[in-house]
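These are the residues of each chain, in order.
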Amino acid sequence: RGFVYDSRNNLQMRGLVVLLISKAAGPSTAELSFQHNMVSGIYSSQRSLAEITELIHTAFLVHRGIVNIGELKSCDGPLKDMQFGNKMAVLSGDFLLANACTSLAQLQNTKVVELISSAIGDLVQGIYYENSKSSEENCLTDDIGISTWKEQVFLSHSALLAKSCQAAMELAKHSAEIQDMAFQYGKHMSMSHKLHSDLQPFVKENSSDTMAFSLNSAPAVLHQEFLGREAWIKQIRELQEAIKAGKGVTSAIDLCRCHGNRALAALERFPPSEARAALANIVYAVTRFP
């Protein structure tokens, strides 16, 4: 666990949001007698939930590091090293998930267990869909549609944070309305975050990272091999410039800000505080473009 918690700025973002939403909501009237268990306005169970959320997210990051042995080339390195690496990725991810599940059971709240368990199921479904689509030969020409894209992004990127925010409210015995507002904030903020990440190759000025967006389908890889590296890079840059000149980028920015506004609207249900302001600043950060 210590090894995977490096200095990347966004690695522990989900746990931070869970802590901030917990502090922004404060204690509920049903839990006033237990306020002595709070530290800095956050229950110990909510702190445990924040760590559980990070453990689950990190476990899936480790599992995503598994490589397809069948697609390896001789230049990629010894096969036995890759096989050993896969085994370590599986075991390490499973270890983190086991820690998360143990801590989850110790919370002794069946609704929270149900919420987080369903979030893990959503993650599995979303990642499985991503991997199955990336291996199909016609993935570049599929008529996916933005509604389908939103469904898949919710499963693979938003469900864990949204349901963790809701679970944090459940631990403090907040009303169903407050729980729903926390869920909506987590959902729409993480959707904005994903859109912001996807837009970076197209909105960064003087960006030299022309391969930042995914073109890893089989036809694209084969096309690159036949075409040659220099011609391939030229085509990618032309495609990137064509996307910049079209309406896709501006529409994606509008969609990002739309989700950001819905996240901010959900925050209005919480009383003004430094924690609420910090949550709002997170939204402002992922909806700001040059």
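Residues numbered from 1 in each chain as written. Predicted model: local features only at pLDDT ≥ 70, side-chain atom pairs only at ≥ 80, totals over all residues. Heavy atoms only, no water.

1. Things to note about the overall build of the chain
Phase 1: A count of helical and extended segments in the chain gives ten helices and two strands.
Phase 2: Mapped from its N terminus to its C terminus, the chain presents α and β elements in the order α-β-β-α-α-α-α-α-α-α-α-α.
Phase 3: Burial analysis of the chain (290 residues in total) assigns 41% to the buried set.
Phase 4: Sequence-distant contacts, at least 24 apart, represent 78% of the contacts inside the chain between residues at least 6 apart. (Helix = DSSP H or I, 4+ residues; strand = E, 2+ residues; numbered from the N terminus. Buried < 20%, exposed > 50% of the residue type's maximum accessible area, 1.4 Å probe, protein only. Contact = heavy atoms within 4.5 Å.)

2. Re the packing of aromatic side chains
Phase 1: Enumeration according to the criterion identifies one aromatic pair in this entry.
Phase 2: Above the plane of the ring of Phe 154 lies Lys 187, whose end atom (NZ or CZ) is 5.7 Å from the centre. (Phe/Tyr/Trp six-rings, centres within 6.5 Å; stacked < 30°, edge-to-face > 60°. Lys NZ or Arg CZ within 6 Å of the ring centre and 35° of its normal.)

3. Here's the deal with the confidence of the model for the chain
Phase 1: Chain-level statistics for the chain give a pLDDT mean of 80 and a share of 78% at 70 or above.
Phase 2: Averaged pLDDT values over the elements of the chain bottom out at 58 in helix H7 (residues 218-227) and peak at 93 in helix H10 (residues 274-286).
Phase 3: Contacts of residues 4-10 to residues separated by more than four positions or lying in other chains number ten contacts, the stretch itself having pLDDT below 50.
Phase 4: Throughout residues 135-143 the model reports pLDDT below 50, and contacts reaching past four residues in sequence, or to other chains, amount to ten contacts. (pLDDT = per-residue confidence, 0-100.)

4. A few points about the environment of Ser 156
Phase 1: Along the chain, the position of Ser 156 falls in helix H5 (residues 146-171).
Phase 2: Residue classification places Ser 156 among the buried positions, given a relative accessible area of 7%.
Phase 3: Along the backbone, Ser 156 and Tyr 129 are 27 residues apart, and their C-alpha atoms lie at a distance of 9.0 Å.
Phase 4: Ser 156 has contacts with Arg 64, Leu 123, Gly 126, Ile 127 and Glu 130, leaving out every residue within four places of it along the chain.
Phase 5: From its side chain, Ser 156 meets the backbone oxygen of Gln 152 in a polar contact 3.0 Å long. (Polar contact = N/O pair within 3.5 Å; in protein donor to acceptor, adjacent residues only side chain to side chain.)

5. Concerning the nonpolar core
Phase 1: Counting 49 residues, the largest nonpolar core has Val 17, Ile 21, Ile 56, Tyr 185 and Met 189 as its most contacted members.
Phase 2: For this core, the element with the most residues is helix H2 (residues 44-63), which contributes eight residues.
Phase 3: Apart from residues lying up to four places away in sequence, Met 189 is in contact with Met 13, Val 17, Leu 161, Ala 263, Ile 282, Val 283 and Val 286.
Phase 4: If you look at the next biggest cluster of nonpolar residues, it comprises ten residues, including Leu 199, Ala 252, Leu 255 and Phe 289. (Core = buried A, V, L, I, M, F, W, Y, C linked by side-chain atoms within 4.5 Å.)

6. Quick word on H10
Phase 1: The end-to-end C-alpha distance of H10, which contains 13 residues, comes to 19 Å, matching closely the 18 Å that a straight helix rising 1.5 Å per residue would cover.
Phase 2: Within H10 the residues assigned to the buried category are Ala 275, Arg 276, Leu 279, Ala 280, Ile 282, Val 283 and Val 286. Within H10, the buried residues cover an arc of 150° as seen down the axis, which keeps them to one side.
Phase 3: Close packing links the buried residues of H10 with helix H1 (13-25), helix H6 (176-203) and helix H9 (248-267). (Expected span 1.5 Å × (residues − 1). Arc of directions from axis to C-beta.)

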